[in-house]
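Each chain is listed here by its residues.
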Amino acid sequence: MSNDASTWRELLDETSNVVGDRTEARWLCEEAAGLYGDDFRVALDTAASQRMGLALQAMVGRRLAGEPLQYVLGHWPFRHIDLLVDRRVLIPRPETEVVAETALSFARQFHTMREGGPVRIADLGTGSGAIGLSIASEMPVSGVEVWITDASSDALDVARANIAGIGRNAANVRVALGHWCAALPDELRGDFHVIVANPPYIADDDTEIDDSVLANEPHGALFAKDNGLADIFEIASQAREWLVSNGRVVLEIGHRQGAAVSAELTSLGYRNVEIRTDLAGRDRIATANFR
Ligand SMILES: C[S@@+](CC[C@H](N)C(=O)[O-])C[C@H]1O[C@@H](n2cnc3c(N)ncnc32)[C@H](O)[C@@H]1O
């Protein structure tokens with residue numbers, strides 16, 4: 001691609017031809033220009049600086065090499081927040097927005113029931129912080145505490161950077177490193193109203209997984225033993241000790257795992273076990289309460 005005093009309109013056309021998608025080309029150009037939406041449109045007939053042209057070239061090169069658009073742009077929207085994302089974390093998926101919505105609705109119910117009294121939520125395996133930070137940003141500031149945890153310190157560095165993006169609600173967020181519930185402080189055992197997680201749930205030998213996911217996203221965020229069920233079952237088992245009476249567990253699951261997860265939750269003593277579907281109508285969320 002040339003970058004010799006080209007206008008953004010010319011660069012947009014050229015990028016479209018190279019990446020084969022006009023919307024994506026526009027996102028890349030907006031990122032390189034540092035101008036978005038109407039501001040970018042207004043600048044279409046102005047010349048891009050050499051530095052911006054080079055930044056665009058570098059991003060297009062990464063896309064052509066197969067890197068996911070989200071990592072190339074370096075950020076991606078999730079519900080109402082814009083999350084920094086890079087290779088240290090899973091790219092937040094649209095189906096997980098429904099998981100966050102489910103956890104949020106239970107957290108709101110507790111908040112109302114307790115007349116604004118303290119409600120404590122944990123997002124285990126937070127990655128970029130997608131679920132936990134959405135909950136923190138969409139709940140009232142008063143009377144809410146959200147714990148975000150991960151076993152990966154690299155992931156927590158990204159999540160910490162994203163805390164800044166939620167403004168004053170960041171005051172309610174606590175960060176902890178460790179293996180599922182063991183990351184949480186011992187004195188809070190039995191004090192969580194909602195425990196939500198989108199754990200790894202892909203079987204090691206899954207053949208349906210996309211090549212780009214396999215090549216670019218952290219494997220510690222993707223794969224779990226026992227046909228993809230090991231982490232879901234472990235969280236469900238541990239969470240019983242960390243929930244308040246009638247507290248809720250909300251777990252993202254694979255679309256073929258509904259029956260197995262439902263049976264496990266029941267045998268662990270959970271009540272009101274429900275498997276809910278995502279926007280595509282596939283099993284995606286397991287939820288239940290304990291005691
Ligand atoms: C599927 S990703 C979900 C990331 C984020 N919650 C989301 O929905 O986009 C699973 C996350 O769990 C973390 N993880 C994997 N094993 C873990 C463990 N034993 N304890 C805590 N976190 C773990 C991974 O590092 C990864 O960030």
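Residues numbered from 1 in each chain as written. Predicted model: local features only at pLDDT ≥ 70, side-chain atom pairs only at ≥ 80, totals over all residues.

A. Representation of the site of the ligand in the model. In the neighbourhood of the ligand, 22 residues make up the surrounding shell, with Gly 125, Gly 127, Ala 151, Asn 198 and Ala 221 lying closest. Its residues assigned to classes, the shell around the ligand shows twelve nonpolar, nine polar and one charged. (Near = placed C-beta within 6 Å. Nonpolar A, V, L, I, M, F, W, Y, C, P; charged D, E, K, R; others polar.)

B. Representation of unusual backbone geometry within the structure. Phi angles above zero are rare outside glycine, and Arg 79 is one such case at about 50 degrees. Mapped onto the elements, Arg 79 comes out in the loop between β1 (75-78) and β2 (81-84). On the basis of neighbour counts, which here come to 20 C-beta atoms within 10 Å, the residue Arg 79 falls in the buried class. You will see that Trp 180, though not glycine, has its phi angle at about 40 degrees, which is positive. Tracing the sequence through the fold places Trp 180 in the loop between β5 (173-177) and β6 (192-197). The class for Trp 180 is buried, based on 22 C-beta atoms found within 10 Å. (Helix = DSSP H or I, 4+ residues; strand = E, 2+ residues; numbered from the N terminus. Buried ≥ 20, exposed ≤ 12 C-beta atoms within 10 Å, placed from the backbone.)

C. Spatial organisation of the environment of Glu 14. With respect to the secondary-structure elements, Glu 14 resides in helix α1 (residues 8-19). Spatially, the C-alpha atoms of Glu 14 and Gly 127 are 35 Å apart, while their sequence positions differ by 113 residues.

D. Highlighting the packing of helix α6 (residues 94-113) against helix α7 (residues 130-138). Running from amino to carboxyl end, α6 crosses α7 at an angle of 45 degrees, the nearest separation of the two axes being 9 Å. In terms of orientation, α6 and α7 fall into the oblique class. Once α6 is placed against α7, the crossing between them reads as right-handed. Of α7, the residues touching α6 (which contributes Thr 96, Val 99, Ala 100, Ala 103, Leu 104 and Ala 107) are Ala 130, Ile 131, Ser 134, Ile 135 and Glu 138. Here the residues of the contact of α6 with α7 sort into eight nonpolar, two polar and one charged. (Axes fitted to C-alpha atoms, helices over the stretch in contact; angles between N-to-C directions. Parallel < 35°, antiparallel > 145°, perpendicular 65-115°, else oblique. Left-handed = near helix turned anticlockwise from the far one by under 90°. Contact = placed C-beta atoms within 7 Å.)

E. The pairing of strand β10 (residues 270-277), seen in detail. Pairing analysis gives six bridges linking β10 to strand β11 (residues 283-290), with the strands arranged antiparallel. Opposite Tyr 270, over in β11, you have Phe 290 as the bridge partner. Linking two consecutive strands that pair antiparallel, namely β10 and β11, is a turn of five residues; a positive phi of about 80 degrees is found at Gly 281 within it. (Pairing = 2+ DSSP bridges.)

F. Structural detail: the pairing of strand β9 (residues 243-252). Here β9 lies mainly inside the structure; seven of its ten residues are buried. Pairing of β6 with β9 involves five bridges; the strand directions are parallel. For Ala 197, the partnering residue across the bridge sits in β9 and is Leu 251. Relative to β11, β9 is paired through six bridges, and the arrangement is antiparallel. Opposite Arg 248, over in β11, you have Asn 289 as the bridge partner.

G. Quick look at the nonpolar core. Of all hydrophobic cores here, the largest spans 65 residues; its most connected members are Ala 103, Ile 195 and Leu 251. If we ignore the near neighbours within four places in the chain, the residues touching Ala 103 are Ile 121, Ile 131, Ile 135, Val 194, Val 196 and Val 250. Membership of the second largest hydrophobic core comes to 13 residues, among which are Trp 8, Leu 12, Ala 25 and Ala 33. (Core = buried A, V, L, I, M, F, W, Y, C linked by C-beta atoms within 7 Å.)

The analysis is restricted to geometry; functional conclusions fall outside its scope.
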